[in-house]
Amino acid sequence: MNTKKHALVTGGSRGIGSAIIRELLGLHYEVWYLSRTKNEELDNESLHHIPCDIADREEVERTLKAIIEEASEIDLLVNNAGITRDGLIMRMKDEAWDDVLAVNLSSVFLTCRAVSRIMARQRSGAIVNISSVVGIMGNGGQTNYAASKAGIIGFSKALARELAARNVRVNVVAPGFIDTSMTETLAEEAKELIKTQIPLGRMGMASEVAKAVAFLASEDASYITGAVLPVDGGMAI
Ligand code: NAI
């Protein structure tokens, strides 16, 4: 009998999502990940790439239906996919707002709606949504991103209350300044300036975010729901 736990991860082709998948595979999960491109670093018989544009509502709904039919049970959902389209509010284009809200927030609604049905039926499960320190503190030039990430926090707290009676836990990880392709485009000077605002004095690693996700997913976190766990070197203190 296959007793592996089943996890569904959005994004996952690289960066934090890739580290989360690596961690989950190490914990013997069977992992399905939804992203447009395949993860070229990870090759494992327990890993399944599902090509999907998370911003496309119909594609997401169709894809989730197929995964849920195949997996039959889902123990863990991690909403990791995210983008930035930075700009000052006065010059922000409608598309920059719509794209960020679609990828970062509406996708969370769609996946949680589909997966909560199956978790409620199972009377077990964990959902971990990836927000950001920016959703807590705000950041100039990122009104769209901050709105999406703060939205994830409110959404997750409401969902935690809704699903608690069914033994489904919903938590949030709020990373700070993590070394991935999302941050590598920043100028060296900007990076140095940000580091001065981090009490631990350095950028975080994707693996450090993955450890927090794995903890919240695990039985060790069985009495934790509706929580926001910063993984930010103290940035949001
Ligand atoms: P990344 O740019 O390296 O990876 C983003 C992931 O999202 C990729 O796997 C990509 O395939 C996926 N993705 C983007 N648009 C998609 C779409 N339309 N359909 C399907 N998948 C899509 O970024 P990183 O740093 O790994 O970010 C992961 C999460 O962590 C994001 O939600 C991000 O907002 C969040 N985060 C990152 C921080 C950082 O400093 N790197 C800080 C705080 C939060």
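See above for the structure.
Below you will find a few notes about this structure. Just so you know, these numbers come straight off a predicted model, no measurement behind them.

Quick notes on the rules
- Residues numbered from 1 in each chain as written.
- Predicted model: local features only at pLDDT ≥ 70, side-chain atom pairs only at ≥ 80, totals over all residues.
- Heavy atoms only, no water.
- Helix = DSSP H or I, 4+ residues; strand = E, 2+ residues; numbered from the N terminus.
- Buried < 20%, exposed > 50% of the residue type's maximum accessible area, 1.4 Å probe, protein only.
- Polar contact = N/O pair within 3.5 Å; in protein donor to acceptor, adjacent residues only side chain to side chain.
- Contact = heavy atoms within 4.5 Å.
- Salt bridge = Lys/Arg side-chain N within 4 Å of Asp/Glu carboxyl O.
- Near = heavy atom within 4 Å.
- Areas by Shrake-Rupley, 256 points an atom, 1.4 Å probe, with all protein chains shown as cover.
- Nonpolar A, V, L, I, M, F, W, Y, C, P; charged D, E, K, R; others polar.
- Pairing = 2+ DSSP bridges.
- Axes fitted to C-alpha atoms, helices over the stretch in contact; angles between N-to-C directions.

Concerning the side chain of S156
- Examined against the element boundaries, S156 turns out to sit in helix α5 (residues 143–163).
- Under the relative-accessibility criterion, S156 is labelled buried at 1%.
- One polar contact links S156 to N129, side chain to side chain, over a distance of 3.0 Å.
- Sequence-distant contacts of S156, that is, excluding residues within four places in its chain, are made with N129, V170 and V172.

Side note on the pattern of salt bridges
- Here the structure, examined in full by the defined rule, presents 7 salt bridges.
- For the salt bridge of K65 with E69, the shortest nitrogen-to-oxygen distance reads 3.7 Å. Placement of both K65 and E69 in helix α2 (residues 57–71) is noted, with a separation of 4 residues, approximately one turn of the helix. Just as K65 is exposed, E69 falls in that class too.
- The partner of K191 in a salt bridge is E188, with the nearest N and O atoms 3.9 Å apart. Highlighted residues: K191 and E188, both in helix α7 (residues 188–195), separated by 3 residues, approximately one helical turn.
- Judged by relative accessible area, which is 10%, K191 ranks as buried.
- We classify E188 as exposed; its relative accessible area is 52%.

Considering the site of the ligand
- Surrounding the ligand, one finds 30 residues, the nearest of these being N80, Y145, G176, T180 and S181.
- Measuring from an oxygen atom of the ligand, one finds a backbone N or O atom of G82 at 3.5 Å.
- The side chain of Y145 places a nitrogen or oxygen atom 2.5 Å from an oxygen atom of the ligand.
- When the ligand is considered free in solution it has 820 Å² of accessible area, and contact with the protein chains removes 97% of it.
- Secondary-structure elements contributing two or more residues to the shell around the ligand are α1 (15–26), α5 and α6 (181–184).
- For the shell around the ligand, the leading source of residues is α6, giving 3 residues.
- For the shell around the ligand, a count of residues per class yields 13 nonpolar, 13 polar and 4 charged.

Some thoughts on the sheet that holds strand β3 (residues 47–51)
- Read from one edge of the open sheet, 7 strands run β3-β2-β1-β4-β5-β6-β7, paired in parallel fashion. Strands with a single pairing partner mark the edges of an open sheet, and in this sheet they are β3 and β7 (228–231). Looking at each pair of strands side by side, their axes are set apart by 20 degrees on average, direction ignored.
- Here strand β4 (residues 76–79) runs beside strand β5 (residues 125–130); their pairing, made up of 4 bridges, is parallel. Note on β5: the bridge partner recorded for V78 is V128.
- Against the sheet, α1 contacts β1 (5–10), β2 (29–35), β3, β4, β5 and β6 (168–175), and its axis sits at roughly 165 degrees relative to β2.

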